[in-house]
Amino acid sequence: MSNRLPRNFYTRATLEVSKDILGKYLVKKERGKKIVGKIVETEAYIGPRDKASHAYNGKVTKRCKPVYLKGGHFYIYLCYGIHWQLNITTAKKGEPECILIRALEPINDEKARDSKKTNGPGKLCRWMGIDKRFNEEDLVYSKRVWVEDRKDKKIKVVSAKRIGIDYAQEWAEKPWRFYIKDNKFVSRKSKS
DNA sequence: GTACAGATTGAG
DNA sequence: TCAATCTGTACT
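As a starting point, this report considers the structure included with it. None of these values were measured; they are calculated from a predicted model. (Residues numbered from 1 in each chain as written. Chains lettered and ligands numbered in written order. Predicted model: local features only at pLDDT ≥ 70, side-chain atom pairs only at ≥ 80, totals over all residues. Heavy atoms only, no water.)

**Quick word on the environment of T90**
Rules: Secondary structure elements are defined from DSSP: runs of H or I of at least 4 residues count as helices, runs of E of at least 2 residues count as strands, and each element is numbered from the N terminus. Think of it in three bands: with a 1.4 Å probe and only protein chains considered, a residue is buried below 20% of the maximum accessible area for its type, exposed above 50%, and partly exposed in between. Polar contact is the term for a pair of N or O atoms within 3.5 Å; when the atoms are in protein, one must be able to donate a hydrogen and the other to accept it, and sequence-neighboring residues count only if both atoms are side-chain atoms.
Relative to the helices and strands, T90 is located in the loop between strand 4 (83-89) and strand 5 (97-107). Residue class for T90 comes out buried when judged on its relative accessible area of 0%. At a separation of 2.6 Å, a polar atom in the side chain of T90 contacts the side chain of T14.

This is the structure we're talking about:
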């Protein structure tokens, strides 16, 4: 069996999990087909104090409700009416913190590697076939999706400012984006 | 009830 | 540079 990440991996401080989950493998199994992608880029969203978070100021809506679940669940929502965003919740139940998965490195899929199908939060969801059916999925117990540790050799992690949240003012300056140094699958856009 | 903006992407 | 396209939120 796999080295699935346990609950206590996710329930730690969000910034720690954001860094540690880089280089881990996201596995999805559906209709007998297995899709594996290495996580190479993340962003941390720490509501309610993070203005860029959907849970800023303690807001609870139908959409962002899963963020309040304990660490280890999927939080999936539609952005701009077109693109799905894949998040993994962190911290304890009632604490609205999560990690946005921004990029994956496709494993065992040369075609996807060549055509850059996973270097953006919306694109990786399309590639993996992830949509709202997976919302609130528990990564610790789910039979169709989980994250596993393949004991990759030490990777180099870089931090940077988050992307696409200019409206969040000073919170947009927080270096809460993390990615694997020199990895080709990290998403392109980057504010200078 | 209506109006509007958004954690993006791909085409022009 | 800009439209696609839908949900939550803040109005009327």
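**A short note on the protein's contact with DNA strand C**
Basically, it comes down to this: Nearness here has a simple test: a residue counts as near a molecule or strand if at least one of its heavy atoms is within 4 Å of that partner. Side-chain classes follow a simple rule in which Ala, Val, Leu, Ile, Met, Phe, Trp, Tyr, Cys and Pro form the nonpolar group, Asp, Glu, Lys and Arg form the charged group, and the remainder, Gly included, forms the polar group.
By nearness alone, every residue bordering DNA strand C is listed as K59, T61, K62, R63, L78, Y80, G81 and I82. Sugar plus phosphate: this is where 67% of the atoms of DNA strand C within 4 Å of the protein reside. Taken together, the residues of the surface near DNA strand C sort by class into three nonpolar, two polar and three charged.

**Digging into the layout of surface pockets**
Short version of the rule: Within this scheme a cavity is a closed region of a 1 Å grid, computed over the protein atoms alone, that accommodates a 1.4 Å probe without allowing it to escape, whereas a pocket is open but has protein on both sides within 12 Å along at least five of seven lines; lining residues each have an atom within 4 Å of a point. Grid points are joined across faces, edges and corners, and a volume is the space filled by probe spheres set on the points.
Quantified by volume, the largest pocket comes out at close to 800 Å³. Along the wall of the largest pocket there are 30 residues; nearest its centre are C79, Y80, Q85, R102 and P121. Residue assignment for the lining of the largest pocket shows that the elements contributing at least two residues are strand 3 (74-79), strand 4, strand 5 and helix 4 (121-128). For the lining of the largest pocket, the element with the highest residue contribution is helix 4, accounting for four residues. Among the residues forming the lining of the largest pocket, the class breakdown is 14 nonpolar, ten polar and six charged.

**Brief notes about the pairing of strand 6 (residues 145-148)**
Side chains on a regular strand alternate between the two faces of the sheet. Rules: The pairing criterion is simple: DSSP has to find at least two bridges between the two strands.
By the alternation rule, side chains of strand 6 split into V145 and V147 and W146 and E148, which are all buried. Bridge count between strand 1 (residues 25-30) and strand 6: four bridges; the pairing is antiparallel. For L26, the partnering residue across the bridge sits in strand 6 and is V147.

**Let's talk about the packing of aromatic side chains**
Here the distance between the centres and the angle between the planes together describe a pair of aromatic rings. Definition in use: Whether two aromatic rings pair depends on their centres lying within 6.5 Å, for rings of Phe, Tyr and Trp, where Trp uses its six-membered ring; planes under 30 degrees apart make the pair stacked, over 60 edge-to-face, and the rest tilted. As a reminder, the over-ring test applies to NZ of lysine and CZ of arginine, requiring each to be within 6 Å of the ring centre and within 35 degrees of the ring normal.
One pass over the structure, following the stated rule, counts three aromatic pairs. Residues Y75 and Y77 carry aromatic rings whose centres are separated by 5.7 Å and whose planes lie at 20 degrees to one another, so their mutual orientation is stacked. Here Y75 falls in the buried class, since its relative accessible area comes to 1%. Centre to centre, the rings of W171 and W176 are 6.1 Å apart; their planes meet at 45 degrees, and the pair counts as tilted. Overall, the relative accessible area of 15% leaves W171 in the buried class. Taking relative accessible area as the criterion, W176 reaches 9% and is therefore assigned buried. One cation-aromatic arrangement involves R162 over Y45; the distance from NZ or CZ to the ring centre is 4.7 Å.

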